[in-house]
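Listed here are the chains, written in short residue letters.
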Amino acid sequence: MSGLVIEREILIEAPAEVVWRTITEPDQMSLWFADRVDLVVEPGAHGYMGFGDQGGPVVVEIVDPPTRFSFRWNHPRDEEPVVGNSMLVEFTLTPIGGERTRVRVSEGGHEVRDWSEAEKQRYADEHREGWGDFLERLAGVATERRSG
Amino acid sequence: MTAQADDELWSAIGDPSRRRVLDLVVSNGEVSASWLAGHVPFSRQAVSKHLVVLEKAGLISRRKQGRQVLYRVDADRLDQATRAMADLAAQWDRRLGMIKRLAEAAYAEAGEQRGTEHKESYTHD
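Computed from a predicted model, the values in this text were never measured in an experiment.

Caption draft 1: Highlighting the overall build of chain B. Summing up its helical and strand segments, chain B has 5 helices and 3 strands in all. Taking all 125 residues of chain B together, the buried fraction comes to 30%. Of the contacts made within chain B by residues no fewer than 6 positions apart, 51% connect residues no fewer than 24 positions apart.

Caption draft 2: Region of interest: the sheet that holds strand β1 (residues 6-12) of chain A. Residue and element names in this part refer to chain A. The 7 strands are arranged β1-β7-β6-β5-β4-β3-β2 in an open sheet whose pairing can be described as antiparallel. Two strands close off the open sheet at either side, each with one partner strand: β1 and β2 (36-38). Between one strand axis and the next, the sheet turns by 20° as a mean value, whatever way the strands run. Sheet topology note: the strand β5 (residues 68-73)/strand β6 (residues 87-96) ladder contains 6 bridges and is antiparallel. Among the inter-strand pairings, tryptophan 73 is bridged to a residue of β6, identified as methionine 87. Against the sheet, helix α1 (residues 16-24) engages β1, β5, β6 and β7 (100-108), with an angle of about 160° to β6.

Caption draft 3: Seen up close, the packing of helix α2 (residues 16-28) of chain B against helix α4 (residues 44-56) of chain B. Residue and element names in this part refer to chain B. Interaxial distance between α2 and α4 falls to 10 Å at its minimum, and their mutual angle equals 80°. Between α2 and α4, the angle falls in the class roughly perpendicular. Here Ser17, Arg18, Val21 and Leu22 of α2 come into contact with α4, specifically with Ala46, Val47, His50, Leu51, Val53 and Leu54. The residue makeup of the contact of α2 with α4, split by class, is 7 nonpolar, 2 polar and 1 charged.

Caption draft 4: Focus on the sheet that holds strand β3 (residues 68-73) of chain B. Residues and elements named next belong to chain B. The antiparallel open sheet is built from 3 strands, whose spatial order is β1-β3-β2. For this open sheet the edge positions go to β1 (31-32) and β2 (60-65), each flanked by a neighbour on one side alone. Across 2 bridges, β1 lies against β3 in antiparallel orientation. By the bridge assignment for β3, serine 32 is matched with leucine 70. α2 contacts β1, β2 and β3 of the sheet and is inclined by roughly 90° relative to β3. Across the sheet, α4 lies against β2 and β3, angled at about 115° from β2, the strand it touches most.

Caption draft 5: Focus on the nonpolar core. Formed by 50 residues in total, the largest nonpolar core has its most connected members in Val19 and Val103 of chain A together with Leu54 and Leu59 of chain B. A total of 9 residues in this core trace back to one element, the largest contributor, which is helix α5 (residues 75-124) of chain B. Not counting residues within four places of it along the chain, the set of residues in contact with valine 103 of chain A comprises Glu9, Ile10, Ile12, Val19, Phe91 and Leu93 of chain A together with Leu96 and Ile99 of chain B.

Caption draft 6: Looking closely at the pairing of β5 of chain A. Both strand β4 (residues 54-64) of chain A and β5 of chain A contribute to a ladder of 5 bridges, which runs antiparallel. Bridged to valine 60 of chain A within β5 of chain A is phenylalanine 71 of chain A.

Caption draft 7: Spotlight on α2 of chain B. Residues and elements named next belong to chain B. Helix length check: α2, at 13 residues, gives a terminal C-alpha distance of 18 Å against a target of 18 Å (1.5 Å per residue), a fit within 8%. Looking only at α2, the buried set comprises Pro16, Ser17, Arg18, Arg19, Arg20, Val21, Leu22, Val25 and Val26. Looking at the residues trailing α2, positive phi occurs at glycine 29, about 75°.

Caption draft 8: View of the confidence of the model for chain B. Residues and elements named next belong to chain B. With 85% of its residues at a pLDDT of at least 70, chain B reaches an overall mean of 83. By mean pLDDT, helix α1 (residues 7-14) is the weakest element of chain B at 71, and β1 is the strongest at 96. pLDDT under 50 marks residues 1-5. Its contacts with residues more than four places away, or in other chains, come to 9 contacts. In the predicted structure, residues 121-125 sits below a pLDDT of 50 and forms 0 contacts with residues beyond four places in sequence or in another chain. Scoring the predicted complex yields pTM 0.68 and, for the interface, ipTM 0.75.

The rules behind the values
- Residues numbered from 1 in each chain as written.
- Chains lettered and ligands numbered in written order.
- Predicted model: local features only at pLDDT ≥ 70, side-chain atom pairs only at ≥ 80, totals over all residues.
- Helix = DSSP H or I, 4+ residues; strand = E, 2+ residues; numbered from the N terminus.
- Buried ≥ 20, exposed ≤ 12 C-beta atoms within 10 Å, placed from the backbone.
- Contact = placed C-beta atoms within 7 Å.
- Pairing = 2+ DSSP bridges.
- Axes fitted to C-alpha atoms, helices over the stretch in contact; angles between N-to-C directions.
- Parallel < 35°, antiparallel > 145°, perpendicular 65-115°, else oblique.
- Nonpolar A, V, L, I, M, F, W, Y, C, P; charged D, E, K, R; others polar.
- Core = buried A, V, L, I, M, F, W, Y, C linked by C-beta atoms within 7 Å.
- Expected span 1.5 Å × (residues − 1).
- pLDDT = per-residue confidence, 0-100.

In C-alpha cells:
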C-alpha cells in the first residue's frame, strides 16, 4: 500500500456481500458517489462519472467480490489511464465475523517503482503513523512558516 | 464534486521516498542535496530527481549560497497541498459515511424481509 496518498476506513454493521453491493452497483453508487454513474463493474471497463455539469471517465481495474474493487480516474480525457496520469481509487473490504465489515479506501497517484521491497518495508516501519501524521506535521509547518 | 487533483502536486507527494525527502527539508529548514543524500536509504541521483519533482510542483525552492545549492519548503504551496489532501480525506470520509448508512439500511431491510418470510411460512405450517 505504499505510494498512496489518502487512506481512510470505516466499520460497517453489515456483511461484506451487502457492503460490496452498495459500493459497486451503479444505482447505489449514484447515491454515495456521483450524480450520474455510467459503469459496468468489470475489469478494464470504461465508464463515466458525472457530478452536476462536470464529470469524467473512469476505468475499472480490480473486481474481486466481495473484497477488492478499484478504478482509475482523473486522467486526461484523450489518454488511457495509467500509473502517472491518473488517480487510483481502491476499496478493500475485510469481513469481521459474519455481520460486520471494515472498509478501507485509498486514493493516490503513483506507485513506488525505484525502491526495493526491503527499503519499502523499512520506510513503512519507520513511518507507521502514516499519512495522517505527515499531513498534520505539514499543516503545522505551513502555519508556522506563515506566521513566522 | 470530484477533487480535481493537481497532478504535479499529487505525484510529488504520492511517492513515499519523495515524501521522505520533503519531510527532511521540512524538519531541517534549509538543506543541500548532499546532506539529504546522507539521510536517506537511496542514492544521490535519486535524491536529485526527487528534488527536481518537488521543485517543479512548487513545494520547495532553491537558492545558491557560494558553491552550494540549498533547498527550503515553500510555505504557501505546502499549505495548499495540505488543504488539498485534507479536502480529499474529508470527501472520502463523507462517502464512507454514506456507504455505511446505505449498507446498514439495506441489511436491516433484508433482515425484516427474512423475518416476514419466516412468519409467513410459519402461518402456512
